[in-house]
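So the chains spell out like this:
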Amino acid sequence: MSRLRELLESGQQVFTAEFPVIDGPNMHKVAQAAARLRPWFDAVNATDNPAANAHASNVASAIAMQQHGLEPILQIVCRDKNRLAIQADLSGAALHGITNVSMLTGDDVTAGDEPETRRVFDVDGPIAVRIAKTLRNGTYLSGRKINPAPDFFIGAVENPAAPPFDYRVQRVEKKVEAGAQFLQLQICYHPDRLENFMRGCVAAGYTIPIIPTIVLVKSVRPLQFMHDKVPGIDIPQGTIDRVAHAADQAEAAYQLVLEQAQHALSLPGVRGLHVTDFRNDDTLDRLMTDLGRSPRNH
């Protein structure tokens with residue numbers, strides 16, 4: 001059983017992170033990133049061409065992370081892959097003992113540096129979750145048996161900040177019915193929307209572990225970029241101005257993230273926190289310490 005699954009099923013709070021993208025023969029970067037993340041996080045996402053830009057493959061990155069002492073969460077996007085490729089990623093991960101998987105749609109190709117790319121979308125997010133469940137049950141979609149069956153711990157992603165808001169809660173039910181066992185949320189810069197989303201999930205009786213996301217940034221520039229260029233992310237002008245007009249933008253951005261983290265962790269139904277780090281400095285250690293987290297020795 002994966003450590004992530006063991007912690008969540010025992011009711012403990014978990015912290016996950018996003019592994020930086022890898023380009024080319026760069027195992028040195030893998031080792032450096034692993035050393036930064038290993039003391040703090042229970043599992044780390046191996047992304048699948050995030051922001052619709054090509055990088056080292058998700059499965060290769062997950063294997064490299066595992067070799068450096070991290071427990072990977074393999075992300076698989078249906079934007080780029082048909083059902084055969086999705087099943088191949090899942091089976092390849094299982095071959096290397098990788099069992100945490102997260103099935104998602106992925107950012108639209110217009111967010112990336114090759115916007116002429118053809119979208120695949122053979123399946124959508126909930127169906128991708130169901131594919132992972134099918135393999136976990138011991139067969140491919142064709143009915144061909146897999147022996148032994150891979151013991152996947154299946155995750156999905158939802159965006160609490162994107163309208164229609166009530167439908168976002170309903171989508172959680174669809175993904176749970178499809179086989180999702182944990183949920184990581186897209187970054188939400190509207191505290192009221194995150195509160196309403198979590199309130200709706202609790203009221204509906206969902207017991208799936210839900211892990212909101214925060215993003216560490218150094219200045220207003222990445223906030224403005226996310227607001228302008230990343231579909232599904234909407235940042236209030238007041239939040240952008242708070243960082244833009246600060247005498248020390250890096251400190252203002254840090255305090256914003258710390259407040260977001262503390263707020264998210266205070267909400268009923270929240271079981272942990274997912275951290276994406278665009279600063280790559282010592283504020284990651286500072287954040288985890290300020291949140292009461294102690295580094296693990298390996």
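The structure we're discussing is the one just above.
Only a predicted model underlies this, so the values are computations on that prediction, with no experimental measurement involved. (Residues numbered from 1 in each chain as written. Predicted model: local features only at pLDDT ≥ 70, side-chain atom pairs only at ≥ 80, totals over all residues. Heavy atoms only, no water.)

Colleague: How should the environment of I73 be read in this particular structure?
Modeller: Here I73 lies in strand 3 (residues 72-77). Expressed as a C-alpha distance, the spacing of I73 and T239, which sit 166 residues apart in the sequence, is 31 Å. When sequence neighbours within four positions are dropped, the list of residues in contact with I73 reads L4, T16, A43, V44, N45, A46, N100, V101, S102, F182 and Q184. (Helix = DSSP H or I, 4+ residues; strand = E, 2+ residues; numbered from the N terminus. Contact = heavy atoms within 4.5 Å.)

Colleague: Explain the environment of A203 to me, please; I cannot follow it from the model alone.
Modeller: Here A203 shows up in helix 7 (residues 191-203). Separated by 92 residues in sequence, A203 and P295 place their C-alpha atoms 35 Å apart.

Colleague: What's the story with the nonpolar core in this structure? I'm lost.
Modeller: Among soluble globular proteins, nonpolar side chains are generally buried collectively. F19, F41, L90, M103, F197 and L287 are the most contacted members of the largest nonpolar core, which has 67 residues in total. Residues in contact with L90, not counting those within four places in the same chain, are I76, V101, M103, I131, A132, L135 and F152. In terms of nonpolar packing, the next biggest core, distinct from the first, is built from 14 residues, V217, L223, I240 and A253 among them. (Core = buried A, V, L, I, M, F, W, Y, C linked by side-chain atoms within 4.5 Å. Buried < 20%, exposed > 50% of the residue type's maximum accessible area, 1.4 Å probe, protein only.)

Colleague: Please explain the pattern of salt bridges as it appears in this structure.
Modeller: Two side chains of opposite charge can pair, provided their charged atoms sit close to one another. Under the criterion given, the structure shown has 19 salt bridges. Between D42 and R293 there is a salt bridge, and its shortest N-O distance comes to 2.9 Å. A residue pair is termed long-range when its members are at least 10 positions apart, and D42 in the loop between helix 2 (27-37) and strand 2 (43-46) and R293 in the segment after helix 11 (283-290) qualify at 251 residues. D42 gets classed as buried once you look at its relative accessible area, which sits at 3%. Judged by its relative accessible area of 17%, R293 is buried. (Salt bridge = Lys/Arg side-chain N within 4 Å of Asp/Glu carboxyl O.)

Colleague: I would appreciate a short explanation of the packing of helix 5 (residues 125-136) against helix 6 (residues 165-178) in the present structure.
Modeller: A packed helix pair is summarised by two numbers, namely the angle formed by the two axes and the spacing between the axes. For the pair helix 5 and helix 6, the least separation of the axes is 8 Å and the interaxial angle reads 20 degrees. Taken together, the axis directions place helix 5 and helix 6 in an arrangement best described as roughly parallel. Where helix 5 crosses over helix 6, the handedness of that crossing is right-handed. Contacts from P126, V129, R130 and K133 of helix 5 reach helix 6 at K175, E177 and A178. Each residue belonging to the contact of helix 5 with helix 6 can be placed in one class, and the counts come to three nonpolar, no polar and four charged. (Axes fitted to C-alpha atoms, helices over the stretch in contact; angles between N-to-C directions. Parallel < 35°, antiparallel > 145°, perpendicular 65-115°, else oblique. Left-handed = near helix turned anticlockwise from the far one by under 90°. Nonpolar A, V, L, I, M, F, W, Y, C, P; charged D, E, K, R; others polar.)

Colleague: Could you clarify how one ought to interpret the state of the cysteines in this entry?
Modeller: Cysteine pairs can be linked by a disulfide, which is a covalent bond between their two sulfur atoms. On inspection of all chains with the given rule, the structure shows zero disulfides. Its sulfur unpaired, C188 is 12 Å from the next cysteine sulfur, which belongs to C201. Taking the relative accessible area as the measure of exposure, C188 reaches 10% and is therefore buried. (Disulfide = S-S within 2.5 Å.)

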